[in-house]
Amino acid sequence: MTAELVRGQNHPLDRNRLEIRIAAGGPVVSGVTLADERGALTGVEAVAHPGAPRRTGIEVPRQAAAEHRIAVDLDALAADVHRVSVLLALPVGIGGPADFGAAAAPFVAVTGLDGTGIASYTLTDLGAESAVVAVELYRRQGAWKVRAVGQGYAGGLAAMLQDQGLPQAAELAAEIQEAVRDGLARSIPAPDPAPTPPAAAASAITPPAAAAPASTPPASTPPANSTPTPINYHHPNRRPTTPPPPQNTPTSAEAPHTQAPHTQAPPTPVAGDAPGRTADERLYNQVWGIFEDLSRTVAAYRSAMDFAQSRLAKELDAVNADPRNRVGPAADAARAAAHDKHARLAAQAREVLDRDLAQLTAEAGVVEPALPPALADWSSPVWHGYRVPGDYPIAVRLGDLRLPECPDLRVPMLVRLPMNRGLWIDSGTPAMFRGEGAPDGFADSFGPDAFGSDAFGPDGFGNGPDGGEPLDAAEVRRRALDTAVTLAARLLAAHPAGELTLQVIDPAGAAAPTLAPLLETGALREAPAAGAQGVAAVLGELTRRVDLVQMAVRNQAAESLPPDLDTAEQLLIVHDFPHGFDDRAVNQLRYLADEGPSVGVHLLMVADRAEAREYGPVLDPLWRSLLRITPVPDAHLADPWVGHAWTYEPSRVPEGSQVLRQVLTDLAEARRARGHSRTRES
């Protein structure tokens with residue numbers, strides 16, 4: 001049975017030799033891109049198009065047409081190919097429509113070589129787009145799947161290829177359109193059909209589909225009183241150059257000798273089964289693969305539920321449209337049928353969601369225990385065998401992310417190191433967390449490149465840890481500082497000994513009890529800077545460091561740095577901002593937020609934005625330059641693929657556990673043993 005996909009939905013492939021059949025309302029150009037695990041193209045040789053229709057494992061048509069067949073051999077693809085994207089574009093300069101909104105919705109079907117349907121997708125809701133990524137075949141854990149994409153581009157082929165990271169996008173788009181025009185000029189028009197005697201119409205022979213099995217019995221001659229079929233002018237034994245539109249999967253009666261395809265069982269999940277040079281990089285990429293699959297799986301479920309609901313409303317409106325038919329047995333039966341259909345569609349969508357969630361949950365279950373300390377949860381046993389790393393980590397874990405459809409499946413929130421932006425732990429009041437105090441234009445971003453949303457989600461900001469009573473302002477502030485200490489400890493533990501120096505600004509001295517683990521273990525080597533003078537001294541020192549390192553980098557003169565300069569990366573915790581900050585200190589803080597990350601100076605601010613309102617819009621760039629996280633569950637982050645509002649939960653040390661103190665003690669001992677005081681002299 002062919003799976004009918006909606007946008008974002010995926011379906012496993014049970015074979016590796018495929019045909020992708022395309023049917024559109026008018027001529028379209030088809031092509032294929034071969035991308036790596038990051039979705040990037042290596043060059044123009046990774047694109048199959050009418051000017052270069054053959055690539056290893058791929059063959060596309062040479063001309064624009066209303067119907068296409070693309071041949072795909074997944075076994076023949078290079079090992080570094082992880083995504084096969086099918087592209088459609090409207091040809092330019094042949095008099096057709098300018099965008100897909102003026103044409104019939106394209107239909108794409110993935111079939112076996114024998115015509116057996118695997119999955120299909122109708123690209124609806126296209127408007128001003130003149131190019132679209134229809135579907136993609138992608139590799140996950142050694143198995144291939146097909147995903148309905150439907151991503152359109154109003155900028156045409158050039159914009160679509162540029163979005164896939166091809167530097168020569170404009171040149172290649174022009175080459176493809178030129179090849180299409182040349183092919184159209186060389187094509188021979190079909191002859192006008194000759195008059196056919198009535199007897200010929202009765203005895204017209206309809207050839208079998210080009211991909212039909214040889215054992216398929218010929219169609220029987222229709223009765224004399226039936227409607228005559230259209231005359232077919234093709235030779236009965238010649239494969240047509242333009243294939244017929246994809247057919248439904250033949251039933252057992254139509255093709256009794258066709259062997260049913262083997263249903264491939266879901267692959268057994270294996271930790272580290274993702275591309276990467278090191279084990280940590282493979283695990284990092286695997287977590288992001290789970291993240292992306294979960295995003296698209298839930299998007300497909302929501303789209304299917306929206307479709308079921310809109311169809312129910314449409315059918316009920318049709319029943320109620322005529323006042324004469326609103327009541328009575330026929331109307332009641334129509335309403336019952338509409339509700340039954342809605343229930344079937346909803347059940348089918350939930351079944352697909354549960355299947356995908358089960359596979360993702362199983363994969364997450366084997367990945368989580370294999371994560372190294374920098375990526376692991378504080379409850380992981382890996383922390384009890386912690387050893388100070390000798391190399392810089394690839395990433396660090398800030399917390400977990402989840403969606404309401406699957407609250408038990410939590411995806412680690414990982415950020416690459418070194419961080420390219422600071423962190424802001426929002427210590428705002430519970431009213432702020434419920435979105436009541438969120439200023440206009442406020443946005444967060446997170447991800448490998450850009451991952452952001454200004455959406456405030458449905459999780460009840462400021463609720464208790466288990467959805468209980470809302471927390472008061474004092475408890476939120478305490479948890480915000482506790483989150484900062486936990487994140488600082490994780491960052492210190494993830495770096496080699498002495499490669500990250502921690503400093504704290506606490507103008508009022510109110511953070512001493514929470515900072516005790518850092519001070520008592522020696523992770524924080526100097527007492528927090530207090531008062532206006534302490535704030536000015538720390539900010540002045542870090543500003544000087546940023547200036548000196550930037551000048552040394554620009555002039556390639558690292559040897560000219562002062563010998564007493566601490567060359568280790570710097571992490572500055574700023575507590576209770578803006579208390580103790582004058583205008584000069586505020587400007588220095590903004591400077592560090594903008595310029596610091598590029599030279600190893602990172603901010604970790606604990607602040608309530610409402611308390612800095614007196615500065616007006618002056619501080620808006622500061623807030624936007626920092627990644628906002630919260631000390632309580634909060635749905636304010638969005639994924640880069642679909643835009644779901646994800647609930648973020650900070651990573652906390654289990655109640656009563658001494659693992660954080662033990663890790664910080666081990667780190668301090670390793671630093672003392674190596675005599676680390678990172679200056680240029682050492």
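Along each chain, the written sequence defines residue order, and numbers are assigned to residues from 1. Note on the predicted model: pLDDT of at least 70 is required for a residue's local features to be given, and 80 or more for side-chain atom pairs to be given and counted; whole-chain, interface and lining totals, by contrast, use all residues. Think of the side-chain values as coming from all heavy atoms in the structure, minus any hydrogens and water.

A. Looking closely at the overall build of the protein. Here a strand is any run of E in DSSP of at least two residues, a helix any run of H or I of at least four, and the numbering for each starts at the N terminus. The helix and strand tally for the protein stands at twelve helices and 23 strands. Throughout, a contact is declared for two residues whenever any of their heavy atoms are within 4.5 Å. Considering only contacts in the protein between residues 6 or more positions apart, those separated by 24 or more positions represent 73%. To be clear on the numbers: accessible area is Shrake-Rupley with a 1.4 Å probe, and residue cover counts the displayed protein chains and nothing else. Accessible area for the protein stands at about 32,500 Å²; split by element, carbon and sulfur atoms hold 53% of it.

B. Molecular detail of the confidence of the model for the protein. Averaged over every residue, the pLDDT of the protein is 81; residues scoring 70 or more account for 80%. Per-residue confidence from the predictor is reported as pLDDT, which spans 0 to 100. For residues 431-443, every residue scores under 50 in pLDDT, and the model assigns this stretch 30 contacts once sequence neighbours within four places are set aside. Every residue in residues 449-467 is under pLDDT 50, and counting partners more than four places away or in other chains gives 55 contacts.

C. Structural detail: helix H5 (residues 329-367). In this scheme, a helix's expected span is set at 1.5 Å multiplied by one less than its residue total. Taking 1.5 Å per residue as the helical rise, H5 with its 39 residues ought to reach 57 Å, and the 56 Å between its terminal C-alpha atoms agrees with that figure. Along H5, the residues classified as buried are Ala331, Ala338, His342, Ala346, Ala349, Leu353, Asp356, Leu357, Leu360, Glu363, Ala364 and Val367. On the buried face of H5, the contacting elements are strand E2 (10-12), strand E11 (131-140), helix H4 (279-321) and strand E14 (406-416). Remark: exposure states derive from per-residue accessible area (1.4 Å probe, protein chains only) relative to the maximum for the residue type, with buried under 20%, exposed over 50%, and partly exposed in between.

D. Unusual backbone geometry, seen in detail. Leu417 connects to Pro418 through a cis peptide bond whose omega is -5°. For Asp125, which is not a glycine, the phi torsion comes out positive at approximately 65°. Secondary-structure assignment places Asp125 in the loop between strand E10 (117-122) and E11.

E. Structural detail: the side chain of Glu405. Looking at where Glu405 falls in the secondary structure, it is placed in the loop between strand E13 (395-403) and E14. Two N or O atoms count as a polar contact when they lie within 3.5 Å, although within protein this holds only if one can serve as hydrogen donor and the other as acceptor, and sequence-adjacent residues are included solely when both atoms are side-chain atoms. In terms of polar contacts, Glu405 uses its side chain to reach the side chain of Arg302, at 2.7 Å. When near neighbours in sequence (up to four residues on either side) are disregarded, Glu405 contacts Val298, Tyr301, Arg302, Arg350, Leu353 and Leu357.

F. Representation of the nonpolar core within the structure. To form a nonpolar core, buried Ala, Val, Leu, Ile, Met, Phe, Trp, Tyr and Cys residues must be joined to one another through side-chain atoms within 4.5 Å. Residues Leu294, Leu398 and Leu604 are the most contacted members of the largest nonpolar core, which totals 73 residues. With residues up to four places along the chain from it excluded, the contact list for Leu294 reads Leu357, Leu360, Leu403, Cys406, Leu409, Val411 and Trp646. The next biggest cluster of nonpolar side chains, apart from the first, holds 58 residues, and it includes Leu5, Val32, Val132 and Met160.

G. Molecular detail of the packing of aromatic side chains. Pairing of aromatic rings covers Phe, Tyr and Trp, the last counted by its six-membered ring, and requires centre-to-centre distances within 6.5 Å; plane angles under 30 degrees mean stacked, over 60 mean edge-to-face, and any other angle means tilted. This model, assessed by the stated rule, comprises ten aromatic pairs. Taking the centre distance of 5.2 Å and the plane angle of 45° together, the rings of Trp288 and Phe291 count as tilted. On the criterion of helical spacing, the pair formed by Trp288 and Phe291 is a turn pair, its members being three residues apart in helix H4. Grouping residues by exposure puts Trp288 and Phe291 together as buried. Taken together, a centroid distance of 4.5 Å and an interplanar angle of 40° make the contact between Trp424 and Trp623 tilted. On the criterion of sequence distance, the pair formed by Trp424 in strand E15 (residues 423-426) and Trp623 in helix H11 (residues 620-625) is long-range, its members being 199 residues apart.

H. Focus on the pattern of salt bridges. Salt bridges are defined by distance alone: a side-chain nitrogen of Lys or Arg within 4 Å of a carboxyl oxygen of Asp or Glu. Tallied over the entire structure, the rule returns 35 salt bridges. The closest approach of N and O atoms between Arg397 and Asp400, which form a salt bridge, is 2.6 Å. For the pair Arg397 and Asp400, one class covers both residues: buried. One connected set of salt bridges, linked through shared partners, spans Arg83, Glu136, Arg140, Arg147, Glu292, Asp293, Arg296 and Glu363.

I. Fine view of the pairing of strand E22 (residues 634-638). A large share of E22 lies buried, amounting to five of its five residues. At least two DSSP bridges between two strands are required for those strands to pair. Bridge analysis of E22 against strand E23 (residues 645-650) gives four bridges, and the strand direction is antiparallel. The residue bridging Ala635 from the neighbouring strand is Thr647, located in E23. In this structure, the hairpin formed by E22 and E23 is closed by a connection of six residues, where Gly643 is found at a positive phi of approximately 95°.

J. Representation of the sheet that holds E22. An order of E14-E13-E23-E22 is seen for the four strands of this open sheet, with the pairing classed as antiparallel. In the strand order of this sheet, the two ends are held by E14 and E22, each with one partner. Across the sheet, the mean angle separating the axes of adjacent strands is 45° when strand polarity is ignored. For E13 and E23, the ladder comprises four bridges, and the chain directions are antiparallel. Its bridge partner being in E23, Arg402 is matched across the sheet by Thr647. Here, axes are lines fitted to C-alpha atoms. For helices the fit covers the stretch in contact, and angles between N-to-C directions go from 0 to 180 degrees. With respect to the sheet, H4 is in contact with E13, E14 and E23, its orientation differing from that of E14 by roughly 135°.

K. Spotlight on helix H12 (residues 659-674). Helix length check: H12, at 16 residues, gives a terminal C-alpha distance of 23 Å against a target of 22 Å (1.5 Å per residue), a fit within 8%. Listing the buried residues of H12 in full gives Val659, Leu660, Val663, Leu664, Leu667, Ala668, Ala670 and Arg671. Among the structural elements, helix H7 (473-494) and helix H8 (512-520) are those in contact with the buried residues of H12.

L. Fine view of the packing of H7 against H12. Contact pair H7 / H12: the axes reach a minimum separation of 10 Å and the direction vectors enclose 40°. Classified by the angle between their axes, H7 and H12 sit oblique to one another. In this structure, H7 crosses over H12, and the sense of that crossing is left-handed. Taken together, the residues of H12 that come into contact with H7 (itself represented by Thr486, Ala489, Leu492 and Ala493) are Leu660, Val663, Leu664 and Leu667. Note on residue categories: nonpolar means Ala, Val, Leu, Ile, Met, Phe, Trp, Tyr, Cys or Pro, charged means Asp, Glu, Lys or Arg, and polar means any other residue, Gly included. Of the residues assigned to the contact of H7 with H12, the class counts are seven nonpolar, one polar and no charged. What sets the label is the angle itself: under 35 degrees gives roughly parallel, over 145 gives roughly antiparallel, 65 to 115 gives roughly perpendicular, and the rest give oblique. The handedness criterion is simple: a crossing whose near helix is rotated anticlockwise from the far helix by less than a right angle is left-handed, and one whose near helix is rotated clockwise is right-handed.

M. Layout of the sheet that holds strand E19 (residues 569-577). The five strands are arranged E18-E19-E20-E15-E21 in an open sheet whose pairing can be described as parallel. One side of each edge strand has no neighbouring strand; the edge strands of this open sheet are strand E18 (500-505) and strand E21 (627-629). Strand after strand, the sheet turns through a mean of 20° between neighbouring axes, direction not considered. In terms of strand pairing, E15 meets strand E20 (residues 601-607) through four bridges, oriented parallel. Pairing of Ile425 across the sheet is with Val606, part of E20.

N. Looking closely at the pairing of E13. In terms of residue burial, E13 counts as a mostly covered element, since nine of its nine residues are buried. As paired strands, E13 and E14 are joined by seven bridges and run antiparallel to one another. Bridging from a neighbouring strand, Ala395 pairs with Arg416 of E14. Between E13 and E14, which pair antiparallel in sequence order, lie two residues.

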